Amino acid sequence: MLGHSMKLPVCPKCGSKKITLIGKRNALYPIGCLVFFLGFNILFAMLHRLQSPVEYRCESCETPFARRNVTERIALFSFVAIILSGIGFIAYLIWRVG
(Lines give C-alpha, C1' and ligand atoms only; values in the text may rest on other atoms or scores of the structure.)
Protein backbone atom coordinates (compact mmCIF):
# COMPACT_ATOMS: atom_id res chain seq x y z
CA MET A 1 0.00 0.00 0.00
CA LEU A 2 1.71 3.17 -1.22
CA GLY A 3 5.19 1.71 -0.91
CA HIS A 4 4.69 0.34 2.60
CA SER A 5 5.21 -3.29 3.38
CA MET A 6 2.06 -3.78 5.41
CA LYS A 7 1.36 -6.95 7.35
CA LEU A 8 -2.17 -8.10 6.62
CA PRO A 9 -4.18 -9.71 9.44
CA VAL A 10 -5.64 -13.21 9.34
CA CYS A 11 -9.36 -13.81 8.91
CA PRO A 12 -11.14 -13.98 12.30
CA LYS A 13 -13.64 -16.51 10.94
CA CYS A 14 -11.59 -19.07 9.00
CA GLY A 15 -7.98 -18.11 9.84
CA SER A 16 -6.98 -17.66 6.19
CA LYS A 17 -4.09 -15.35 5.30
CA LYS A 18 -5.57 -14.54 1.87
CA ILE A 19 -6.85 -11.09 2.74
CA THR A 20 -7.83 -8.18 0.49
CA LEU A 21 -7.44 -4.62 1.74
CA ILE A 22 -10.68 -2.68 1.16
CA GLY A 23 -9.68 0.65 2.72
CA LYS A 24 -10.66 3.01 5.50
CA ARG A 25 -14.16 2.86 6.90
CA ASN A 26 -16.23 6.03 6.29
CA ALA A 27 -14.47 6.78 3.00
CA LEU A 28 -16.63 9.81 2.14
CA TYR A 29 -16.27 11.17 5.67
CA PRO A 30 -19.18 13.61 5.88
CA ILE A 31 -18.88 13.96 9.68
CA GLY A 32 -15.40 15.47 9.40
CA CYS A 33 -16.66 18.19 7.09
CA LEU A 34 -19.58 18.88 9.43
CA VAL A 35 -17.24 19.07 12.44
CA PHE A 36 -14.97 21.49 10.57
CA PHE A 37 -17.80 23.75 9.38
CA LEU A 38 -19.46 23.86 12.81
CA GLY A 39 -16.43 25.71 14.15
CA PHE A 40 -14.17 22.95 15.42
CA ASN A 41 -10.62 22.95 14.17
CA ILE A 42 -9.31 20.76 11.40
CA LEU A 43 -7.04 18.83 13.77
CA PHE A 44 -10.10 17.52 15.60
CA ALA A 45 -11.65 16.46 12.28
CA MET A 46 -8.41 14.78 11.19
CA LEU A 47 -8.14 12.97 14.53
CA HIS A 48 -11.66 11.63 14.05
CA ARG A 49 -10.76 10.41 10.55
CA LEU A 50 -7.48 8.87 11.70
CA GLN A 51 -9.13 6.68 14.34
CA SER A 52 -11.37 4.97 11.76
CA PRO A 53 -10.46 1.28 11.29
CA VAL A 54 -9.17 -0.26 8.06
CA GLU A 55 -11.51 -2.76 6.43
CA TYR A 56 -10.42 -6.10 4.97
CA ARG A 57 -12.17 -8.98 3.22
CA CYS A 58 -11.19 -12.64 3.36
CA GLU A 59 -10.75 -14.14 -0.11
CA SER A 60 -11.55 -17.63 1.15
CA CYS A 61 -14.83 -17.13 3.05
CA GLU A 62 -15.73 -13.57 1.87
CA THR A 63 -16.01 -12.32 5.46
CA PRO A 64 -15.57 -8.54 5.83
CA PHE A 65 -13.81 -7.37 9.00
CA ALA A 66 -12.00 -4.29 10.30
CA ARG A 67 -8.82 -3.74 12.33
CA ARG A 68 -7.07 -0.78 13.91
CA ASN A 69 -3.29 -0.49 14.05
CA VAL A 70 -1.38 1.11 16.94
CA THR A 71 -1.61 4.64 15.50
CA GLU A 72 -5.36 4.30 15.03
CA ARG A 73 -5.79 3.01 18.59
CA ILE A 74 -3.85 5.97 19.98
CA ALA A 75 -5.96 8.33 17.86
CA LEU A 76 -9.15 6.63 19.09
CA PHE A 77 -8.02 7.01 22.72
CA SER A 78 -7.15 10.67 22.11
CA PHE A 79 -10.47 11.32 20.37
CA VAL A 80 -12.46 9.77 23.24
CA ALA A 81 -10.36 11.65 25.82
CA ILE A 82 -11.03 14.98 24.05
CA ILE A 83 -14.78 14.27 23.90
CA LEU A 84 -14.93 13.26 27.57
CA SER A 85 -12.87 16.29 28.62
CA GLY A 86 -15.27 18.56 26.75
CA ILE A 87 -18.29 16.94 28.39
CA GLY A 88 -16.62 17.21 31.80
CA PHE A 89 -15.79 20.88 31.22
CA ILE A 90 -19.37 21.67 30.20
CA ALA A 91 -20.68 19.80 33.27
CA TYR A 92 -18.26 21.76 35.48
CA LEU A 93 -19.44 25.08 34.00
CA ILE A 94 -23.08 24.12 34.53
CA TRP A 95 -22.35 23.09 38.11
CA ARG A 96 -20.42 26.34 38.85
CA VAL A 97 -23.11 28.60 37.39
CA GLY A 98 -26.04 26.70 38.91
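In case you missed it, the structure is sitting above this.
Figured I'd write up the structure that's included with this text. Values in this document were obtained by computation on a predicted structure and should not be read as measured data.

So, how was this worked out
- Residues numbered from 1 in each chain as written.
- Predicted model: local features only at pLDDT ≥ 70, side-chain atom pairs only at ≥ 80, totals over all residues.
- Heavy atoms only, no water.
- Helix = DSSP H or I, 4+ residues; strand = E, 2+ residues; numbered from the N terminus.
- Buried < 20%, exposed > 50% of the residue type's maximum accessible area, 1.4 Å probe, protein only.
- Polar contact = N/O pair within 3.5 Å; in protein donor to acceptor, adjacent residues only side chain to side chain.
- Contact = heavy atoms within 4.5 Å.
- Phe/Tyr/Trp six-rings, centres within 6.5 Å; stacked < 30°, edge-to-face > 60°.

Turning to its location among the elements, serine 16 is positioned in the segment before strand S1 (19-24). Judged by relative accessible area, which is 14%, serine 16 ranks as buried. Within polar-contact distance, the side chain of serine 16 engages the side chain of serine 60 at 3.0 Å. Look past the residues within four positions of serine 16 in its chain and what remains in contact with it is Val10, Cys11, Cys58 and Ser60.

So, on to the packing of aromatic side chains. Inspection of the entire model under this criterion finds two aromatic pairs. Geometrically, the ring pair formed by tyrosine 92 and tryptophan 95 is tilted, given 6.2 Å between the ring centres and 40° between the ring planes. With tyrosine 92 and tryptophan 95 both in helix H3 (residues 70-97) and three residues apart, the pair spans about one turn of that helix. According to the relative accessible area criterion, tryptophan 95 is exposed, its value standing at 62%.

Quick look at the environment of leucine 76 now. Position of leucine 76 relative to the elements: it lies in helix H3. Taking C-alpha positions, leucine 76 is 7.9 Å from leucine 50, a pair spaced 26 residues apart along the chain.

Moving on, we get to unusual backbone geometry. The backbone of glutamate 62 sits at a positive phi, close to 60°, despite the residue not being glycine. Secondary-structure assignment places glutamate 62 in the loop between strand S2 (54-58) and strand S3 (64-67). Residue class for glutamate 62 comes out partly exposed when judged on its relative accessible area of 47%.

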